[in-house]
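# Fold and contact review
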Amino acid sequence: MASENIFSGLKVVDLASFIAGPSAAVILSDFGAEVIKVEPPAGDLWRTAHHIPPQPQAKDAYPWHLANRNKRGITLDLKAPSAQMVVERLIKWADVLIVNTPHPARRRLKLEYDDVAQWNPRLIYADLTGFGEKGPDANLPGFDITAYWARSGLLSMTRDAGAPPTWPVAGSGDNATAVGLYSAIVTALYRRERTGKGSYVTTSLLAEGVWSASVFIQAALCEANFFGLHDRKHPANAALNVYRASDDTWFVLIVTPDKLAAVAKAIGRPDLLTDPRFSDPARLMQNMPQLTAILDELFGSQPMTHWYEVFNGVHVTFGAVRGPREAVNDPQLRANDIVVPLEGAGGKLTSTISSPIQVHGIAKVPARRAPALGEHNEEVLAELGFDARAIEGLQASGAVPKAKESPVAAVG
């Protein structure tokens, strides 16, 4: 029930665009927060992401609903003089404001923390940037591919030797960053619970990318010796590598030192442990390609179902490499409420991905479709205290355009 949700009664204004900021708001909404999505009159560009390669093409605006479910939506032209009245009332209404507008534009629009905190000193102002608030590139625009992946070092390390950097999955860095921003917001809410004071919290795509790459970045900080890039036939460690079963299923195998003997026995090759090419650490490093070739031939002799039983039998860590169409049919996803029903989106969009946080004993809010463009303009303005005449004035000025879409209209 709504009264039992952790953030029931919490009010959030999502003034961010694309994925990371809006997805942090989604996590809050999953646990009962009331979220108002604020978009420019033309709409958030993420509404049309399902038409932009290399995203998979679809009639259904699946990226939009994923990042904006459970929200009400209004349009607001922040450049219109009368828009400031709406912003002020939104800030006074809100517990949390999420914003990722570049700081130069934020200053022009009077949306910096010092501009809005005067209206609500209990406000949690959640700021998301590409590269952080300070430094020579503080004002550089950033997407997760540039800031989270490329600048952090991740993109240079997730490739084979000799291969150029490749394009990662869209939104992967953004969604990781969303969890970080959500954590910052919750930390500030805890502080407010104790002190009554609001906070200015922030993270960046770069900070989250470096955190994700932190094992290797920390190694660089202490001038460790790197193995360098390698490929799967010439790995740094054949026990931590990717192999292919006879049914063409690739799988990741991770055999820690304490499991070596059990795995060697289970795969029928205990002799590998005493083979002079591999039993001496120095020679093992020299002969890693030979060991890989032996394992390639062995693993290629049986299907993945066989190796699933073998690896499971010795409790070794492994994972079959699945494509998106295979992943959605994984029984683990529905058994653990990773994939959940989605209400009202229409078309083929009947389910969605839940946020990755579960609290035992607390049921998340059922996922419902994202708002159509400007769908809740008049409803939200009325709740903020604008009467019919004032709403007409805001519409006439262009600050809050009249909604052009019906509630069930397509969003892309």
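Our subject is the structure listed above.
The structure presented is a predicted model; accordingly, all values stated were derived computationally and were not measured. (Residues numbered from 1 in each chain as written. Predicted model: local features only at pLDDT ≥ 70, side-chain atom pairs only at ≥ 80, totals over all residues. Heavy atoms only, no water.)

## Notes on the overall build of the protein chain
Per the secondary structure count, the protein chain includes 19 helices and twelve strands. The buried share of the protein chain, reckoned over its 412 residues, is 43%. Within the protein chain, contacts between residues separated by at least 24 positions form 70% of all contacts whose residues are at least 6 apart in sequence. Counting only carbon and sulfur atoms, one obtains 58% of the accessible surface of the protein chain, whose full area is about 21800 Å². Considering the protein chain, the positive charge centre built from 40 side chains and the negative charge centre built from 43 side chains are found 3 Å apart. (Helix = DSSP H or I, 4+ residues; strand = E, 2+ residues; numbered from the N terminus. Buried < 20%, exposed > 50% of the residue type's maximum accessible area, 1.4 Å probe, protein only. Contact = heavy atoms within 4.5 Å. Areas by Shrake-Rupley, 256 points an atom, 1.4 Å probe, with all protein chains shown as cover. Lys, Arg positive; Asp, Glu negative; His and termini not counted. Charge placed at Lys NZ, Arg CZ, Asp CG, Glu CD.)

## Details of the packing of helix α1 (residues 20–30) against helix α8 (residues 172–195)
The contact between α1 and α8 brings their axes to 8 Å, and the two run at 55°. In terms of axis orientation, α1 runs oblique to α8. The crossing of α1 and α8 is right-handed. Between α1 and α8, the contacting residues are Ala20, Gly21, Ser23, Ala24, Ile27 and Leu28 on the first element and Asp174, Asn175, Thr177, Ala178, Val179, Leu181, Tyr182 and Ile185 on the second. Within the contact of α1 with α8, the residues separate by chemical class into nine nonpolar, four polar and one charged. (Axes fitted to C-alpha atoms, helices over the stretch in contact; angles between N-to-C directions. Parallel < 35°, antiparallel > 145°, perpendicular 65-115°, else oblique. Left-handed = near helix turned anticlockwise from the far one by under 90°. Nonpolar A, V, L, I, M, F, W, Y, C, P; charged D, E, K, R; others polar.)

## Structural notes on unusual backbone geometry
Note that the residue after Pro53, namely Pro54, is joined by a cis bond; omega there is 10°. Of note in this structure, Asn70 is not a glycine but carries a positive phi near 65°. Along the polypeptide, Asn70 turns up in the loop between α2 (62–68) and β3 (71–75).

## Some words on the pairing of strand β7 (residues 240–244)
The two faces of β7 differ: Asn241 and Tyr243 on one face are buried, but Leu240, Val242 and Arg244 on the other face are not. Where β7 lies against strand β8 (residues 250–254), five bridges are found, and the strand directions are antiparallel. By the bridge assignment for β8, Asn241 is matched with Leu253. Count of turn residues in the β7/β8 antiparallel hairpin: five residues, of which Asp248 carries a positive phi of about 70°. (Pairing = 2+ DSSP bridges.)

## Considerations on the packing of aromatic side chains
Inspection of every chain in the model, using the stated rule, returns 17 aromatic pairs. Judged by centre distance (5.9 Å) and plane angle (70°), the ring pair of Phe299 and Phe311 falls under edge-to-face. Separated by twelve residues along the polypeptide, Phe299 in helix α14 (residues 288–299) and Phe311 in helix α15 (residues 304–313) bring together distant segments of the chain. The residues Phe299 and Phe311 share a single accessibility class, namely buried. Members of the aromatic cluster, connected to one another through ring pairs, are Tyr243, Phe251, Phe299, Trp307, Tyr308, Phe311 and Phe318. Sitting over the face of the ring of Phe386, Arg89 holds its NZ or CZ atom 3.9 Å from the ring centroid. (Phe/Tyr/Trp six-rings, centres within 6.5 Å; stacked < 30°, edge-to-face > 60°. Lys NZ or Arg CZ within 6 Å of the ring centre and 35° of its normal.)

## Describing the pattern of salt bridges
In total, this model carries 17 salt bridges according to the counting rule given. Two residues, Asp30 and Arg69, come together in a salt bridge whose shortest N-O distance is 3.0 Å. Taken as a pair, Asp30 in helix α1 and Arg69 in the loop between α2 and β3 lie far apart in primary sequence, 39 residues in all. Judged by relative accessible area, which is 1%, Arg69 ranks as buried. Residue Lys37 is joined to Asp44 by a salt bridge in which the shortest nitrogen-to-oxygen separation is 3.3 Å. Pair check on accessibility: Lys37 and Asp44 agree, each one buried. Residues participating in the shared-partner salt-bridge network are Asp14, Lys37, Asp44 and Lys71. (Salt bridge = Lys/Arg side-chain N within 4 Å of Asp/Glu carboxyl O.)

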